Amino acid sequence: MKITVFNGSPKAQNSNCNVIASALLEGASQKGAEIENVYLIEKNINHCRGCFTCWFKTPGKCVFNDDMIDLLEKYKKSDIICFATPVYSWDMTACLKNFVDRLIPLRSPMLTQIDGEFDMKVNIKMPDAIVISNCGFPGENNFKTIKQVFKACNPIFEIYRNSGRLLQSNDPKIKPVVDEYLSYVTKAGCELATMGNVSNGIRKKLEMDLVSSGEYIKMMGL
């Protein structure tokens, strides 16, 4: 079992998304999974220019000789991949979107139709996808857009963490709650590595509030 996180936060290892991703990968590692945490902001990834050379002239190969060559291999060799991103203007970061756009060589310009819906043919056995998203505001409404966007990859598991600025808090009242929450994230990683999915019990635990919305607004001066 190989699990790879593609972290789209500009803050990389210092991001709140990474707090969650690291806990998940720690759990998977405990159960013997091969893990990798990729910080996309540190990679040289050109913007897709829509030339479709990777479809019609050199199938599966992009015109750019950049870090996506290696990243595509990591993607293809993973059993589970994770898209990790904070919410930026209701959506994923530009950094992650750029990476997703450059996954196009994995597909071909041949239509498939399932239940009346059209898509492009996939050239490989795609890894299962999971999603980690963090938002600095309270409330689940902040994830409405990003949930719709990620529906396209049929994620087997999703973590949407509101009030995420508390994840690195050293407040003695908050830290035990965050530690409890992250322990459930770690258990989710254990289950992913052993079962390939996450139990309903753990999924429910991950919906816990860190503090009430009112408390958070007051603490953050929002």
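Residues numbered from 1 in each chain as written. Predicted model: local features only at pLDDT ≥ 70, side-chain atom pairs only at ≥ 80, totals over all residues. Heavy atoms only, no water.

**Some points on unusual backbone geometry**
Even without being a glycine, Ser 89 presents a positive backbone phi close to 50 degrees. Examined against the element boundaries, Ser 89 turns out to sit in the loop between strand 3 (80–86) and helix 4 (94–101). (Helix = DSSP H or I, 4+ residues; strand = E, 2+ residues; numbered from the N terminus.)

**Comments concerning the nonpolar core**
Grouped together as the largest cluster of nonpolar side chains are 36 residues, with contacts concentrated most on Phe 157, Tyr 181, Val 185, Leu 192 and Leu 206. For this core, the elements supplying multiple residues, two or more each, are strand 1 (2–7), helix 1 (16–30), strand 3, strand 6 (128–134), strand 7 (157–161) and helix 6 (175–195). For this core, the leading source of residues is helix 6, giving 8 residues. Discounting chain neighbours no more than four positions away, the residues touching Leu 206 are Phe 157, Ile 159, Arg 161, Tyr 181, Tyr 184, Val 185 and Ala 188. Judged by nonpolar contacts, the second largest core, of 24 residues, contains Phe 83, Phe 99, Ala 129 and Phe 143. (Core = buried A, V, L, I, M, F, W, Y, C linked by side-chain atoms within 4.5 Å. Buried < 20%, exposed > 50% of the residue type's maximum accessible area, 1.4 Å probe, protein only. Contact = heavy atoms within 4.5 Å.)

**Here we look at the sheet that holds strand 2 (residues 34–39)**
Taken in spatial order, the 5 strands of this open sheet run 2-1-3-6-7, and their pairing is parallel. At either end of the open sheet lies a strand with only one pairing partner, and these are strand 2 and strand 7. Each adjacent strand pair in this sheet contributes to an overall mean axis angle of 15 degrees, direction not counted. Relative to strand 6, strand 3 runs parallel, the two being bridged by 7 bridges. Along strand 6, the bridge assignment pairs Ile 80 with Asp 128. (Pairing = 2+ DSSP bridges. Axes fitted to C-alpha atoms, helices over the stretch in contact; angles between N-to-C directions.)

**A few points about the packing of aromatic side chains**
This model, assessed by the stated rule, comprises 6 aromatic pairs. Here the aromatic rings of Phe 6 and Phe 99 are separated by 4.6 Å at their centres, their planes lie at 25 degrees, and the arrangement is stacked. Here Phe 99 lies in helix 4 and Phe 6 lies in strand 1, a separation of 93 residues in the sequence. Across the pair, exposure class does not vary: Phe 6 and Phe 99 are buried alike. Among the aromatic side chains, those forming a connected cluster through ring pairs are Phe 6, Tyr 75 and Phe 99. Between Arg 49 and the ring centre of Phe 64, over which it is positioned, the NZ or CZ distance is 5.6 Å. (Phe/Tyr/Trp six-rings, centres within 6.5 Å; stacked < 30°, edge-to-face > 60°. Lys NZ or Arg CZ within 6 Å of the ring centre and 35° of its normal.)

**Concerning helix 3 (residues 68–76)**
Regarding helix 3, the residues found buried are Met 68, Leu 71, Leu 72, Lys 74 and Tyr 75. One side of helix 3 carries all its buried residues, which in axial view fall inside an arc of 160 degrees. Each element contacted by the buried residues of helix 3 is listed here: strand 1, strand 2, strand 3 and helix 4. (Arc of directions from axis to C-beta.)

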